[in-house]
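Here are the chains, one letter per residue:
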Amino acid sequence: MELSSASVSALFTKEPSQVKMTTLAALCTALECTPNDLIEVDTTPVERPVASRRPVTELPKAVSGRGRSMPPL
């Protein structure tokens, strides 16, 4: 398995937001480990703010010069 020098450099300089399966397989082979050894998943629940009810506002109606409303877009 091969990794480009750019891929190796990126792995050393920052935490990747995504990893190709071939890259993960190459890392696991080179480091003699499993994907679980390399990937840490944060499963902490995220608090959701209480949804406040906002009043529904009506959209202004478009009126032509003849007093008729415009057709929907």
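Residues numbered from 1 in each chain as written. Predicted model: local features only at pLDDT ≥ 70, side-chain atom pairs only at ≥ 80, totals over all residues. Heavy atoms only, no water.

**Examining the overall build of the protein chain**
And step 1. Within the protein chain, the regular secondary structure consists of three helices and zero strands.
And step 2. The buried share of the protein chain, taken over its 73 residues, is 7%.
And step 3. Here the protein chain displays about 7800 Å² of accessible surface, and carbon together with sulfur accounts for 56% of that area. (Helix = DSSP H or I, 4+ residues; strand = E, 2+ residues; numbered from the N terminus. Buried < 20%, exposed > 50% of the residue type's maximum accessible area, 1.4 Å probe, protein only. Areas by Shrake-Rupley, 256 points an atom, 1.4 Å probe, with all protein chains shown as cover.)

**Here we look at helix H2 (residues 21-31)**
And step 1. For H2, the complete set of buried residues consists of Thr 23, Leu 24, Ala 26 and Cys 28.
And step 2. Each element contacted by the buried residues of H2 is listed here: helix H1 (5-13) and helix H3 (35-38).
And step 3. Glu 32 lies just past H2 and shows a positive phi near 50°. (Contact = heavy atoms within 4.5 Å.)

**Description of a nonpolar patch on the surface**
And step 1. A cluster of nonpolar side chains, Leu 31, Leu 38, Ile 39 and Val 41, forms an exposed patch at the surface whose accessible area comes to about 370 Å².
And step 2. Looking at the secondary structure, you find Ile 39 in the segment after H3.
And step 3. Residue classification places Ile 39 among the partly exposed positions, given a relative accessible area of 47%. (Patch = residues over 30% accessible without salt bridge, like charges linked within 9 Å, V, L, I, M, F, W, Y side chains within 5 Å. Salt bridge = Lys/Arg side-chain N within 4 Å of Asp/Glu carboxyl O.)

**Structural notes on the state of the cysteines**
And step 1. Enumeration over the complete set of coordinates arrives at zero disulfides.
And step 2. Here Cys 28 stays free of any disulfide, with the sulfur of Cys 33 as its closest cysteine sulfur at 4.3 Å.
And step 3. Residue classification places Cys 28 among the buried residues on the basis of a relative accessible area of 10%. (Disulfide = S-S within 2.5 Å.)

**What about the confidence of the model for the protein chain?**
And step 1. Of the residues in the protein chain, 75% have a pLDDT of 70 or more, and the chain-wide mean is 79.
And step 2. Per-element averaging of pLDDT across the protein chain places H1 at the bottom with 84 and H3 at the top with 91. (pLDDT = per-residue confidence, 0-100.)

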